[in-house]
Protein chains: 2
Amino acid sequence: MNVMQSTPPPHELRISSPDLTRERIVVAAREVMGRKGKRGATTREIAEMAGVNEATIFRHFGNKEGIVAAVAQRFCPAVELQAIATKLSGNIDEDLFELGRVLMERMEGLQDMIRWSMVEQHDPLDEPLISLGDQAWRAPEAIQHVLMEYMSRRIATGELKGDAKRLSRVFMGLVFSHVMSQLKFPDPEVYANPEASLRFYIDVFLNGVRS
Amino acid sequence: MNVMQSTPPPHELRISSPDLTRERIVVAAREVMGRKGKRGATTREIAEMAGVNEATIFRHFGNKEGIVAAVAQRFCPAVELQAIATKLSGNIDEDLFELGRVLMERMEGLQDMIRWSMVEQHDPLDEPLISLGDQAWRAPEAIQHVLMEYMSRRIATGELKGDAKRLSRVFMGLVFSHVMSQLKFPDPEVYANPEASLRFYIDVFLNGVRS
DNA sequence: ATTCTCTGCAAGTAAGTACTTGCATGCCGA
DNA sequence: TCGGCATGCAAGTACTTACTTGCAGAGAAT
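Residues numbered from 1 in each chain as written. Chains lettered and ligands numbered in written order. Predicted model: local features only at pLDDT ≥ 70, side-chain atom pairs only at ≥ 80, totals over all residues. Heavy atoms only, no water.

(A) The arrangement of the relation of the copies chain B and chain A in detail. For the pair chain B and chain A, the superposition axis carries a translation of 0.0 Å, the fit reaches an RMSD of 0.1 Å, and the rotation angle comes to 180°. What we have between these two chains is a two-fold relation. When C-alpha distances to the rotation axis are compared across chain B, the minimum falls at Gly208(B), with a value of 1.9 Å. Same-surface contact between copies: 100% of interface residues of chain B are shared with the interface of chain A. (Least-squares fit on C-alpha atoms with pLDDT ≥ 70 in both. Contact = heavy atoms within 4.5 Å.)

(B) Quick peek at the protein's contact with DNA strand C. In the region of DNA strand C, 22 residues are neighbours, and Thr21(A), Thr56(A), His60(A), Thr43(B) and Lys64(B) sit closest. At the protein interface, 67% of the atoms of DNA strand C within 4 Å belong to sugar or phosphate. Between DNA strand C and the protein, one listed contact pairs a phosphate oxygen with a side-chain N or O atom of Thr21(A) at 2.4 Å. Within the side chain of His60(A), a nitrogen or oxygen atom sits 2.7 Å from a phosphate oxygen of DNA strand C. At the level of elements, helix 1 (18-40) and helix 3 (54-61) of chain A together with helix 2 (43-50) and helix 3 (54-61) of chain B are the ones that each hand at least two residues to the surface near DNA strand C. Grouping the constituent residues of the surface near DNA strand C by class yields six nonpolar, eleven polar and five charged. (Near = heavy atom within 4 Å. Polar contact = N/O pair within 3.5 Å; in protein donor to acceptor, adjacent residues only side chain to side chain. Helix = DSSP H or I, 4+ residues; strand = E, 2+ residues; numbered from the N terminus. Nonpolar A, V, L, I, M, F, W, Y, C, P; charged D, E, K, R; others polar.)

(C) Broad picture of the environment of Leu147(A). All names here are of chain A. On the secondary structure map, Leu-147 appears in helix 8 (residues 132-156). On the basis of relative accessibility, which here comes to 0%, the residue Leu-147 falls in the buried class. Placed 54 residues apart in sequence, Leu-147 and Asp-93 show a C-alpha to C-alpha distance of 13 Å. (Buried < 20%, exposed > 50% of the residue type's maximum accessible area, 1.4 Å probe, protein only.)

(D) Quick peek at the packing of helix 1 (residues 18-40) of chain B against helix 4 (residues 64-74) of chain B. Residues and elements named next belong to chain B. Axis separation between helix 1 and helix 4 bottoms out at 9 Å; the angle between their running directions is 100°. If you check the angle between helix 1 and helix 4, you find them roughly perpendicular. In this structure, helix 1 uses Glu-23, Val-26, Ala-29, Arg-30, Met-33, Lys-38 and Arg-39 to contact helix 4, whose residues at the interface are Lys-64, Glu-65, Ile-67, Val-68, Ala-70, Val-71 and Arg-74. Partitioning the contact of helix 1 with helix 4 into residue classes produces seven nonpolar, no polar and seven charged. (Axes fitted to C-alpha atoms, helices over the stretch in contact; angles between N-to-C directions. Parallel < 35°, antiparallel > 145°, perpendicular 65-115°, else oblique.)

(E) Inspection of the side chain of Ser197(A) at higher detail. Checked against the element boundaries, Ser197(A) lands in helix 11 (residues 194-207). For Ser197(A), a relative accessible area of 0% translates into the label buried. Those residues within four positions of Ser197(A) in sequence are excluded, and the remaining contacts are His178(A), Val190(A) and Arg166(B).

(F) A look at the interface of chain B and chain A. With 49 residues of chain B in contact, the opposing surface of chain A contributes 49 residues. Across the chain B/chain A interface, buried area totals approximately 4,800 Å², and carbon plus sulfur atoms make up 56% of it. Sorting the residues of chain B by area buried against chain A places Arg166(B), Val209(B) and Arg210(B) first, and these three jointly supply 16% of that buried surface. Our count for the chain B to chain A interface comes out at eight salt bridges. One salt bridge in this structure joins Asp134(B) and Lys184(A), with 3.4 Å as the shortest N-O distance. Secondary-structure elements contributing two or more residues to the side of chain B that touches chain A are helix 1, helix 7 (111-117), helix 8 (132-156), helix 9 (164-184), helix 10 (188-191) and helix 11 (194-207) of chain B. Across the side of chain B that touches chain A, the residue classes tally to 20 nonpolar, twelve polar and 17 charged. (Buried area = accessible area lost by both parts, 1.4 Å probe. Salt bridge = Lys/Arg side-chain N within 4 Å of Asp/Glu carboxyl O.)

(G) Geometry of helix 8 of chain B. All names here are of chain B. Compared with the 36 Å implied by 1.5 Å per residue over 25 residues, the 37 Å span of helix 8 between its first and last C-alpha is a close match. At Arg-138, helix 8 is bent by approximately 40°, the largest bend along its length, and proline Pro-140 sits one to four residues beyond. Its side-chain oxygen at 3.2 Å from the backbone nitrogen of Gly-133, Ser-131 defines the N-terminal cap of helix 8. Downstream of helix 8 by one or two residues, Gly-158 has phi in the positive range, about 85°. (Expected span 1.5 Å × (residues − 1). Bend = angle between axes of the 7 residues up to and from the residue.)

Such coordinate-based values are descriptive only and should not be taken to indicate function.
This is the structure we're talking about:
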């Protein structure tokens, strides 16, 4: 990591640097592993996509597991829970829309990693310290926690009924199935306007479909 | 396929027969591919699990794709739509429970194949005639179609409101996320009594959570 | 100018995996 | 009793893939 060196780089717009190479590799790895999965992604394809020699990958990360760990750390940022909380207006429909929008955005961005997390299985021998699947769920889980607390408050005020945990699970399930169905059932009527779909889910969630 | 021979087998309880070994292979392949996926499943592991020599697999199915096709055909039976239709009582809550129960059962049984269908990608070259992922969704899609027609009728009578297609999608999404969350979030409170959970989903779906 | 670091390149190793083949054996039907 | 069929077994082929290594060149820092 030359980043920590005391001497600054000569010009900021260096054509190439170890850190830049490393970054290109991680980005390429994320792309390839999103499509082929941790196992299906080959170091060769990652190298090609990064425009880098295969040996360079191993010089940077040691082995394949090293790339996986780097990808997991690089692409699973924590959510700024503060930013969400400040946007809440008090109107349930609008608050759920805001929370749902953030949740949906995150899930869309982490779509591929979440998909792979549902089939991922690490053999009991070399348990990875950082599981891609676990990392992918960090942000959605954090948001669900906020959701649960929100539901809990609204139940206390008598605006909602039921169990906060189950309610937040159902709400997250609606967003989850929306995002996950996109590949297999790409209905344009649903996915052309995701915010409208979200409003629809919220309407069903709050009011039901009985007339 | 000795099944079609004119002469009947001498005793029904044969210790071994070509058809039986074939069956054992397909069953083992389904098991292994459910865990490791189409690519991750090795012919060696399938052979071991089937208690059969690896060469026998290729004598039966030619190549790996042959096993995949056999698994896809063997484990994706069509739904008896008649059986469902006759059970409908007219009470929406009960009908949705019946439909939801069948949907949930099927999805549980096809869980692993559905999971893999969400990351499955066939390279454009050797497109398989029978895709495991497509086959896995046959039954759920059929049930969703029944659901949609049911919703459509109830909308016509004024009991439900909204668009039948979207409604059935949301309902299927509830069951879908329930089944898919089981591995990553095995909350015993939710999964110890799946029928109770289903009733909860139906309550939210029909009446909403606003008090 | 020299040294040090990063990288490309080419070759190679070891392991896994799909698939083949030839032979021996055992079981069933005729 | 005999002949065919299904299978086990062992060996082997061809390909992929993670990972290594030695060398050479290009910059950058000193």
